[in-house]
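# Close look at the chain arrangement
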Amino acid sequence: MQLRVAGITQESVVDGPGLRVVIFTQGCPHHCPGCHNPQTHDPNGGHLNTIEQILTVIENSRLIRGVTFSGGEPFLQPKPLTYLAKQIHKRGLDIVTYTGFRFEELLALGLRRPEVKELLQHTDILIDGPYQAAERDLRLAFRGSRNQRLIDVQRSLRAGRVILWEDPAARIWA
């Protein structure tokens, strides 16, 4: 199985909690003005990697808490990312997924495309919504604009409503 990627970052602390590997997927339909990764928009750009190649990168990354799927738009490639997410979870790591879609849109899309729902089910934290330059706020953790939410996906799916993710480490310092 292959995934079209724009690139992979082996160590990031800005794309989710803890030290992370970030997979930048290729292809994005949103084209948000002011996008941080406009080179990822072309669905034919980037390059193909096998899931095994990506897993090797992850396994060679020490001290990571998890893996982040960014973009581009990860939900354009839900099947290979779901397979990858399952393998990552087996290794005891968590999954953060960025998307320009809103959580509610993904739920509706998942009714027509089960692979979208499956990727959502294998995501721990979802950072949803398009980047909006007018809502830019550099003080926000893990996101670029105030309209974007950090969603605890598993709790949200069980509750049938959006439950925002809270960093347990932040409570220690509060």
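Residues numbered from 1 in each chain as written. Predicted model: local features only at pLDDT ≥ 70, side-chain atom pairs only at ≥ 80, totals over all residues. Heavy atoms only, no water.

For the protein chain, the name recorded in an unreviewed UniProt entry is Anaerobic ribonucleoside-triphosphate reductase-activating protein, with Anaerospora hongkongensis as its organism. As recorded by UniProt, the Function (unreviewed entry) comment attached to the protein chain reads in full: "Activation of anaerobic ribonucleoside-triphosphate reductase under anaerobic conditions by generation of an organic free radical, using S-adenosylmethionine and reduced flavodoxin as cosubstrates to produce 5'-deoxy-adenosine." According to the UniProt record, the Catalytic activity (unreviewed entry) comment for the protein chain reads "glycyl-[protein] + reduced [flavodoxin] + S-adenosyl-L-methionine = glycin-2-yl radical-[protein] + semiquinone [flavodoxin] + 5'-deoxyadenosine + L-methionine + H(+)". (UniProt positions renumbered as here; feature names shortened; annotations may be inferred.)

So, about the sheet that holds strand 7 (residues 149-152). Spatially, the seven strands line up as an open sheet ordered 3-1-2-4-5-6-7, and their pairing is mixed. Two strands in the sheet have a free side with no partner beyond their single neighbour: strand 3 (47-50) and strand 7. Adjacent strand axes in the sheet meet at a mean angle of 30°, parallel and antiparallel pairs treated alike. Here strand 6 (residues 125-128) runs beside strand 7; their pairing, made up of four bridges, is antiparallel. Across the sheet, Ile127 pairs through a bridge with Leu150, a residue of strand 7. Of the strands in this sheet, strand 1 (2-12), strand 2 (20-25), strand 3 and strand 4 (66-70) are in contact with helix 1 (residues 51-59), which crosses strand 3 at around 75°. (Pairing = 2+ DSSP bridges. Helix = DSSP H or I, 4+ residues; strand = E, 2+ residues; numbered from the N terminus. Axes fitted to C-alpha atoms, helices over the stretch in contact; angles between N-to-C directions. Contact = heavy atoms within 4.5 Å.)

A cis amide bond, omega 5°, links Gly71 with the succeeding residue Gly72. When you line up the elements, Gly72 lands in the loop between strand 4 and helix 2 (78-90). Phi at His31 is positive, roughly 50°, even though this residue is not glycine. Within the secondary structure, His31 is located in the loop between strand 2 and strand 3.

Let us now look at the nonpolar core. The biggest cluster of nonpolar side chains holds 28 residues, and the ones touching the most others in it are Ile58, Phe69, Leu84 and Ile88. Mapped onto this core, the elements with two or more residues apiece are strand 1, strand 2, helix 1, strand 4, helix 2, helix 3 (103-112) and helix 4 (114-121). Phe69 has contacts with Ile23, Pro74, Leu81, Leu84, Ala85, Ile88, Ile95, Val96, Thr97, Tyr98 and Leu119, leaving out every residue within four places of it along the chain. Counting residues in each nonpolar core, the second largest holds seven residues, with Val96, Ile125, Phe142 and Leu150 among its members. (Core = buried A, V, L, I, M, F, W, Y, C linked by side-chain atoms within 4.5 Å. Buried < 20%, exposed > 50% of the residue type's maximum accessible area, 1.4 Å probe, protein only.)

Pairing is possible between side chains of opposite charge, provided their charged atoms come close. Inspection of every chain in the model, using the stated rule, returns ten salt bridges. Residues Arg149 and Glu104 are paired through a salt bridge, measuring 2.8 Å at the closest nitrogen-oxygen approach. Remark: Glu104 occurs in helix 3 and Arg149 occurs in strand 7; sequence separation between them is 45 residues. For Arg149, a relative accessible area of 16% translates into the label buried. Salt bridges sharing partners connect three or more residues here, namely Glu135, Asp137, Arg139 and Arg146. (Salt bridge = Lys/Arg side-chain N within 4 Å of Asp/Glu carboxyl O.)

This brings us to the side chain of Asp137. Mapped onto the fold, Asp137 is located in the loop between strand 6 and strand 7. Among the polar contacts made by the side chain of Asp137, one reaches the main-chain amide nitrogen of Arg139 at a distance of 2.9 Å. Excluding residues that lie within four positions of it along the chain, Asp137 makes contacts with Arg143, Gly144, Ser145 and Arg146. (Polar contact = N/O pair within 3.5 Å; in protein donor to acceptor, adjacent residues only side chain to side chain.)

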